[in-house]
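Geometric and topological summary
Each chain, letter by letter, is given below.
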Amino acid sequence: VTNPTESQYVQEELGVPENKVTMVPNGISAKQFEVLSGVEKKERKEGDPVVVSYIGNVGLPQNLLVLLQVAEKMPDLIFNIVGTGEDIERVRAYKNDHQVSNAHLLGRVNWEEVPEIYSSTDILYAQLTPDFSGALPSKLYEYLSTGKFFVFGGEGQAPQFLTKFENHLVVPPDDPNALKHAI
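Counting starts from 1 at the beginning of each chain's written sequence and moves along it residue by residue. Totals for whole chains, interfaces and linings use all residues, but because this is a predicted model, local features are given only for residues with pLDDT of at least 70 and pairs of side-chain atoms are given and counted only at 80 or more. Where side-chain values are given, they derive from all heavy atoms of the structure, hydrogens and water being excluded.

Helix axes are fitted to C-alpha atoms over the stretch in contact, other axes to C-alpha atoms as well, and angles between N-to-C directions run from 0 to 180 degrees. Numbering of helices and strands runs from the N terminus; a helix is a DSSP stretch of H or I covering at least four residues, while a strand is a stretch of E covering at least two. The interhelical angle for the contact between helix H3 (residues 65-73) and helix H4 (residues 88-97), taken along N-to-C directions, is 15°, at an axis separation of 10 Å. As far as their axial angle goes, H4 and H3 are roughly parallel. Of the two elements, H3 crosses H4, and the hand of that crossing is right-handed. When H3 is examined against H4, the residues Leu65, Leu68, Gln69 and Glu72 are found in contact with a partner set consisting of Arg90, Val91, Tyr94 and Lys95. Residue polarity follows a fixed list, in which Ala, Val, Leu, Ile, Met, Phe, Trp, Tyr, Cys and Pro are nonpolar, Asp, Glu, Lys and Arg are charged, and the others, Gly among them, are polar. Residues belonging to the contact of H3 with H4 are distributed by class as follows: four nonpolar, one polar and three charged. With respect to orientation, any angle under 35 degrees is reported as roughly parallel, any angle over 145 as roughly antiparallel, any angle of 65 to 115 as roughly perpendicular, and every other angle as oblique. We call a crossing left-handed when the near helix sits turned anticlockwise from the far one by less than a right angle, and right-handed when that turn is clockwise. Two residues form a contact once any of their heavy atoms are found within 4.5 Å.

In structure tokens, the structure reads:
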């Protein structure tokens, strides 16, 4: 398991004895941390739009339609979705059907390109739907490493973990209004 919530579930719900459960936390490599912690913020010129980015797996647990719904309501901002995954076609269809022109689907990028994307981003975003409230995504370690402000939509284990850190807001998952307000 990767966190205390998963450990409790495996023991109580699945009946696995405590001495048979091993916790191996998520995280990022020391090299990734070194690179990400050195990311500098790009100089913004007056009038430059605020850039909000999601960088990671585009899957059902992330439900990135929420980010696109906010992009529709905030046309003066730029929203980037970097990555691909099982939900990319649904995300792409929503973007096209709703003509969300300020949202950019950048697809999968090489690791070498990621620091530049972080550098040009003002606000990072991540989410896990309620069905995944027991998870602690490694994405949070990555975001924390950058020192950038981020908004996390989620409940359960991840928000509990984030209480130890600053420079972020936690909002309810799947709530475009809460995300818009946080941004």
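From this point, the narrative continues.
This brings us to the packing of helix H2 (residues 30-37) against helix H6 (residues 138-146). Where H2 contacts H6, the axes come no closer than 7 Å and their chain directions differ by 40°. Classified by the angle between their axes, H2 and H6 sit oblique to one another. Relative to H6, H2 is oriented so that their crossing is right-handed. Every residue of H6 that contacts H2 at Phe33, Leu36 and Ser37 is listed here: Glu142, Ser145 and Thr146. Looking at the contact of H2 with H6 residue by residue, the class counts come to two nonpolar, three polar and one charged.

Moving on, we come to the sheet that holds strand S1 (residues 51-55). Strand pairing follows a simple DSSP-based rule, namely that at least 2 bridges must link the two strands. Taken in spatial order, the six strands make up an open sheet running S3-S2-S1-S4-S5-S6, and their pairing is parallel. Pairing within the sheet leaves two strands with one partner each, and these edge strands are strand S3 (103-107) and strand S6 (168-171). Recorded for the sheet is a direction-independent mean angle of 20° between the axes of neighbouring strands. Across four bridges, strand S2 (residues 78-82) lies against S3 in parallel orientation. Within S3, the position partnered with Val82 by the bridge is Gly107. Along the sheet, H6 contacts S1, strand S4 (123-127) and strand S5 (150-153); its crossing angle with S4, the most-contacted strand, is approximately 165°.

This next bit is on the nonpolar core. Definition of nonpolar core: a set of buried residues of the types Ala, Val, Leu, Ile, Met, Phe, Trp, Tyr and Cys, connected through side-chain atoms within 4.5 Å. For the exposure calls, accessible area comes from a 1.4 Å probe over protein chains only, and a residue counts as buried if that area is under 20% of its type's maximum, exposed if over 50%, partly exposed in between. With 45 residues, the main nonpolar core has Phe79 and Tyr125 as its most contacted residues. A total of six residues in this core trace back to one element, the largest contributor, which is H3. Setting aside residues up to four positions removed in sequence, Tyr125 forms contacts with Val52, Ser53, Tyr54, Leu64, Val66, Leu67, Tyr143, Val151, Gly153 and Leu179.

Mapped onto the elements, Thr146 comes out in helix H6. Through-space distance from the C-alpha of Thr146 to that of Asp175 is 25 Å; in sequence the pair is 29 residues apart. Setting aside its immediate chain neighbours within four residues, Thr146 contacts Leu36, Tyr118 and Leu124. Here the side chain of Thr146 touches Tyr143 through a polar contact of 2.7 Å, landing on its backbone oxygen. Throughout this description, a polar contact denotes any pair of N or O atoms lying within 3.5 Å of each other; where both atoms belong to protein, one of them has to be capable of donating a hydrogen while the other can accept it, and for residues adjacent in sequence the pair is counted only when both atoms sit in side chains.

These figures come from the coordinates and say nothing about function on their own.
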